[in-house]
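Read off the chains here:
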Amino acid sequence: MSELVQPQAVGLPAPSAERAAEGKGFAKPDTLYTAVPDADVGPAMANASDDALERHIRRKVDLRLCTIAGILCSLNLLDSGVLSSAAVTSMLPDLGLDQGNRFSVSIFIFTISSIVFQLPSTIAVRILGPRVWFAAITLAFGIITLCTGFVRSWQQLIVLRVLLGAAMAGIFPGLSYLISTWYPRREQQLRFAFMQSGEVVILATGSLVNYGLNRLDGRGGLQGWRWMFVVQGLCTCVIGIATYWWMVDFPENSHQSFRFLSSEEASIISRRIQTDRGDLVAQEFAIGKVLVHARDPKVWAFASLFFLQNIVSTALAYFVPIILENGLGYSSNAAIILSAPPYYYAVLPVLVSSWFADRFSIRAPVIVFNALCLITGFAVLGFASNSGARYFGVFLATGAYVGNWAALTAYQANNVVGYRVFTAAACTMFNGAGGIAGSFIVRNFEAPSYTTAVWVSIGYDRLPASIQSCPWLTAGSSHILMISVVAALSIHFYFANTSQRRKVGVLENTEGFRFTY
């Protein structure tokens, strides 16, 4: 295990007396950060200029961090995969979930719980450390999922869904925050794409596994849908235990990671981050220092993008098998199997678009392109008469929304300095709020057209029928709004960067920092 590398040990500026008095050299919210130029600091820094060595270290971090991040994030998606697969079996009548909106309630109550616990859970990642916290909440997630296989009523399911939301609240924002601390801004979107790729591959594979588990119906006195929860719960418990050794700590504490970086490698990573944006060492935690960032309007603009995104992604993640069965006429087993290929396909657009975005240091154009693809996919799903064409719409929409997860996460992470915990938590809380809306827009009685889901995704659902007859005239809701917000932010970033180039002001309290759009 490597030794702790303090900033001043790797050619980074030592904290001022004022900052040291503030507590362990952590910066105040109004502290002026400085991007550090290259300096002659010995053999370690000489090696940092070697591209081959940097690529080796980057691959090492990719293999260790992005793999476990993808696996842990996939557990959240696997929950939606199991619940959606179980929804086309006997689960709904067995638990009384086929009455009224009970099934939708079971989805949104999970989201409510997740929203409540997201900020404290994300803060806990920094206070307790990623290894301890992610291992603990993953183990708790596994135990709760295992218990779900033995519930006897919809009320019991609701209670477990509340606990499940609390356990999983910190996974996505915590991992997004952790990854953003390990990579310079120009490399982040592809790493978020690696995480997303792991998620969707496991989710797609989970759909195929659920098909097999459903065929165990009656074995051991358990229905097929119960086997889905039992097996996933047991696997998650094993992953939770392994996470303690697999997960890595923050760059400045990389010595606490199990068999990871050498001292020299840790120093190179630390220097790259400090040179990129000057916030290697996090602020000392205080609730006032966290909440002060709520005054930054761009944080809420980023958060609104995640709200708009998750309206659609929740509808697809939880309801694709139901859409395939009720809307396209497939059997329950076929619906489970056919829900997997769109997620395998999604790996291609998320990796290609993210590579392109990092290669040319752009974010907004990729987000807009994915949003337009999603609008097209939902239009085909909602208005085509051929089942094959509508299934193609599912492919197009799924690839677009998965691609935009990586793009939106990089967009917000690239444009904040020093308060990543709050921004990640705020974005994920709004993301959860979008999940609440998304859990109610797919209505079984609207099959096969699913009018509400289509119009909320690409347009208004309260417009006159004469206008609704043309989807492009009414494409004014979630993803049109997303494009509008991205355009407004990007215009603001352009003029802010122009002012900074003219030496008028400092962006994000960091000398030399410029926004990425």
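Residues numbered from 1 in each chain as written. Predicted model: local features only at pLDDT ≥ 70, side-chain atom pairs only at ≥ 80, totals over all residues. Heavy atoms only, no water.

Asker: I tried to follow the packing of helix α5 (residues 102-128) against helix α6 (residues 130-148) on my own but got confused; where do I start?
Answerer: To describe two helices that pack against each other, one gives the angle between their axes and the distance between the axes. For the pair α5 and α6, the least separation of the axes is 7 Å and the interaxial angle reads 135°. Between α5 and α6, the crossing angle belongs to the class labelled oblique. Here α5 contributes Ser121, Ala124, Val125 and Leu128 to the contact with α6, which in turn contributes Pro130, Val132, Trp133 and Phe134. Here the residues of the contact of α5 with α6 sort into 7 nonpolar, 1 polar and no charged. (Axes fitted to C-alpha atoms, helices over the stretch in contact; angles between N-to-C directions. Helix = DSSP H or I, 4+ residues; strand = E, 2+ residues; numbered from the N terminus. Parallel < 35°, antiparallel > 145°, perpendicular 65-115°, else oblique. Contact = heavy atoms within 4.5 Å. Nonpolar A, V, L, I, M, F, W, Y, C, P; charged D, E, K, R; others polar.)

Asker: When you look at a nonpolar patch on the surface in this model, what are you seeing that I'm missing?
Answerer: A cluster of nonpolar side chains, contributed by Ile127, Leu128, Val132, Leu139, Ile143, Ile241, Tyr244, Trp245 and Phe258, occupies part of the molecular surface with about 800 Å² of accessible area. Mapped onto the nonpolar patch, the elements with two or more residues apiece are α5, α6 and α10 (224-246). Tyr244 gets classed as partly exposed once you look at its relative accessible area, which sits at 35%. (Patch = residues over 30% accessible without salt bridge, like charges linked within 9 Å, V, L, I, M, F, W, Y side chains within 5 Å. Areas by Shrake-Rupley, 256 points an atom, 1.4 Å probe, with all protein chains shown as cover. Salt bridge = Lys/Arg side-chain N within 4 Å of Asp/Glu carboxyl O. Buried < 20%, exposed > 50% of the residue type's maximum accessible area, 1.4 Å probe, protein only.)

Asker: Explain the side chain of Thr89 to me, please; I cannot follow it from the model alone.
Answerer: Turning to its location among the elements, Thr89 is positioned in the loop between α3 (51-86) and α4 (91-95). Judged by relative accessible area, Thr89 falls into the buried class, the value being 17%. From its side chain, Thr89 meets the backbone oxygen of Ala86 in a polar contact 2.6 Å long. Those residues within four positions of Thr89 in sequence are excluded, and the remaining contacts are Asn214, Trp225, Met228 and Ile336. (Polar contact = N/O pair within 3.5 Å; in protein donor to acceptor, adjacent residues only side chain to side chain.)

Asker: Sorry if this is basic, but what is going on with the side chain of Thr236 here?
Answerer: Among the structural elements, Thr236 can be located in helix α10. The exposure class of Thr236 is buried, given its relative accessible area of 1%. The contact partners of Thr236, leaving out residues within four places of it in the chain, are Leu75, Thr138, Phe141 and Gly142.

Asker: Which parts of the structure should I look at to understand the packing of aromatic side chains?
Answerer: Geometrically, a pair of aromatic rings is defined through the distance of the ring centres and the angle of the planes. Taken as a whole and assessed by the stated rule, the structure comprises 17 aromatic pairs. Taking 6.1 Å as the distance between ring centres and 40° as the angle between the ring planes, the aromatic pair formed by Phe306 and Trp405 counts as tilted. Of this pair, Phe306 sits in helix α13 (residues 297-327) while Trp405 sits in helix α17 (residues 387-413), and the two are 99 residues apart along the sequence. Residue classification places Phe306 among the buried positions, given a relative accessible area of 2%. Among the residues examined, Trp405 registers a relative accessible area of 9% and is labelled buried. Taking 6.1 Å as the distance between ring centres and 70° as the angle between the ring planes, the aromatic pair formed by Tyr411 and Phe493 counts as edge-to-face. (Phe/Tyr/Trp six-rings, centres within 6.5 Å; stacked < 30°, edge-to-face > 60°.)

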